[in-house]
Amino acid sequence: MRYKGKVYRPPSEAYSLIVQVTYGCSHNRCAFCNMYDDKHFAMRPMEEIREDFEMARRVYRRVERVFLADGDALMRKADDLVQILGLVYGLFPECQRVTCYASPTSLQIKTEAELELLRKSGLEMVYMGLESGCDEVLARMSKGHTAAEIIAAGQKARRSGLKLSVTAISGLGSRELWQQHAVQTAEAFSAMKPEYIGLLTLMVEPGTPLEKWVREGSFHVLGAGEVLREVELFLQHIDSEGSVFRMNHASNYLTLKGTLNQDRERLLQQVRQGLAGHGLRDEFMRGL
């Protein structure tokens, strides 16, 4: 396959065919992120997309999952995406699902009718970053949206029939806002009730504004114990019945897996065991 720059995908898309239909991230200004700093956001030419899928059909015997990259594939026009989905299922009749990243902006600018059409055309799920439910944290991190706007975007996706996978980042509130970050992030998830919830742990990436703040001392990175206390508070406040909860990213100090709300007490017990030093990942083993 032909790729431009660094390519990222959610952990659950590890075995998916990944084809870029856009380049980069439509926002690309979050203070903690350097994922797409090597390219400007752009629409990939449709002919190149077609060529890549046709190339994949010649190479791979069976493709059951497809992930449309880069950081905000949903920003393409609905008509383009319908064509791309038709191409996927036409070339790969065995394909079971197609997914992509979506931003609050791309969900906002699509009408519900357009989102419903994309679902009927075979787009099964979108991945969206909440990062935090605390407006003060979101503003500091230049997310570009309030929590209410992100919640509304997620609710719109669900009303349209799309499955929703949403991530947040433990430690993003620093020591000053960790409680607000934990509680208000739980409240945001509770308002959306996405099918999947992913909790990552903050890592400071080179060249980001966040790295500068850490060097200057204006942002204090939480240690493992502080992160786990934040996760404990988060789990105590979330009410998202039926959501699959995962804290199994390489950035996490502790691995947690369960379904809310039924597994809440077990998850809290595991957090408390982690606070006692059991099952923690060493710092050098963490990554993105």
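One structure accompanies this document, and this report is about it.

Each value, and the rule that gives it
- Residues numbered from 1 in each chain as written.
- Predicted model: local features only at pLDDT ≥ 70, side-chain atom pairs only at ≥ 80, totals over all residues.
- Heavy atoms only, no water.
- Helix = DSSP H or I, 4+ residues; strand = E, 2+ residues; numbered from the N terminus.
- Rg over C-alpha atoms; globule rule 2.2 N^0.38 Å.
- Buried < 20%, exposed > 50% of the residue type's maximum accessible area, 1.4 Å probe, protein only.
- Contact = heavy atoms within 4.5 Å.
- Areas by Shrake-Rupley, 256 points an atom, 1.4 Å probe, with all protein chains shown as cover.
- Lys, Arg positive; Asp, Glu negative; His and termini not counted.
- Charge placed at Lys NZ, Arg CZ, Asp CG, Glu CD.
- 1 Å grid on protein atoms, 1.4 Å probe; cavity = no way out; pocket = protein on both sides within 12 Å on 5 of 7 lines; lining within 4 Å.
- Points joined across faces, edges and corners; volume = space filled by probe spheres on them.
- Disulfide = S-S within 2.5 Å.
- Core = buried A, V, L, I, M, F, W, Y, C linked by side-chain atoms within 4.5 Å.
- Expected span 1.5 Å × (residues − 1).
- Pairing = 2+ DSSP bridges.

So, the overall build of the protein chain
Next, step 1: When its secondary structure is counted, the protein chain shows 10 helices and 10 strands.
Next, step 2: In summary, the protein chain has a C-alpha radius of gyration of 19 Å against a globular reference of 19 Å for 288 residues, a match within 12%.
Next, step 3: The dimensions of the protein chain, computed from C-alpha atoms along their principal axes, are 55 × 40 × 35 Å.
Next, step 4: Here the protein chain holds 288 residues, and the buried ones make up 51% of them.
Next, step 5: Nonlocal contacts in the protein chain, meaning residues at least 24 apart in sequence, comprise 77% of its contacts between residues at least 6 apart.
Next, step 6: Approximately 12,800 Å² of the protein chain is accessible, and the part contributed by carbon and sulfur atoms is 50%.
Next, step 7: One finds the centroid of the 37 positive side-chain charges in the protein chain at a distance of 4 Å from the centroid of its 37 negative side-chain charges.

A closer look at empty space enclosed by the protein
Leftover empty space is mapped by rolling, across the atoms, a probe with the size of a water molecule.
Next, step 1: Under the counting rule described, the total for this entry stands at 1 cavity of 30 Å³ or more.
Next, step 2: Roughly 50 Å³ of internal volume is contained in the largest cavity.
Next, step 3: As for the largest cavity, its lining consists of Ala 168, Ile 169, Ser 170, His 181, Ala 182, Thr 185, Leu 199, Glu 230, Val 231 and Phe 234.
Next, step 4: The set of elements that each furnish at least two residues to the lining of the largest cavity consists of strand E7 (163-170), helix H7 (178-192) and helix H9 (224-237).

Points about the state of the cysteines
Next, step 1: All told, the structure shown has 0 disulfides when counted by the stated rule.
Next, step 2: Left without a disulfide partner, Cys 25 is nearest to the cysteine sulfur of Cys 30, which lies 6.6 Å away.
Next, step 3: Of the cysteine sulfurs around Cys 30, a residue in no disulfide, the closest is that of Cys 33, at 6.2 Å.
Next, step 4: Using a relative accessible area of 14% as the deciding quantity, one classes Cys 30 as buried.

Details of the nonpolar core
Next, step 1: Phe 53, Leu 235 and Phe 245 are the most contacted members of the largest nonpolar core, which has 63 residues in total.
Next, step 2: When sequence neighbours within four positions are dropped, the list of residues in contact with Phe 245 reads Ile 197, Leu 199, Phe 234, Leu 235, Leu 256, Lys 257, Gly 258, Thr 259, Leu 260 and Leu 267.
Next, step 3: Counting 13 residues, the second-largest nonpolar core is a separate cluster that includes Met 141, Leu 177, Leu 202 and Phe 219.

Concerning helix H10 (residues 264-275)
Next, step 1: The terminal C-alpha atoms of H10 lie 16 Å apart, and with 12 residues this matches the ideal 16 Å at 1.5 Å per residue to within 8%.
Next, step 2: Structurally, H10 contributes buried residues whose contacts are with H9, strand E9 (244-247) and strand E10 (256-259).
Next, step 3: Note on H10: the residue one or two positions beyond its end, Gly 277, has a positive phi of about 100 degrees.

Focus on the pairing of E10
Next, step 1: Residues Leu 256 and Gly 258 point to one face of E10 and are all buried, whereas Lys 257 and Thr 259, pointing to the other face, are not buried.
Next, step 2: Summarising the sheet, E9 and E10 pair through 4 bridges and their orientation is antiparallel. In the sheet register, Val 244 faces E10, and the bridge partner there is Thr 259.

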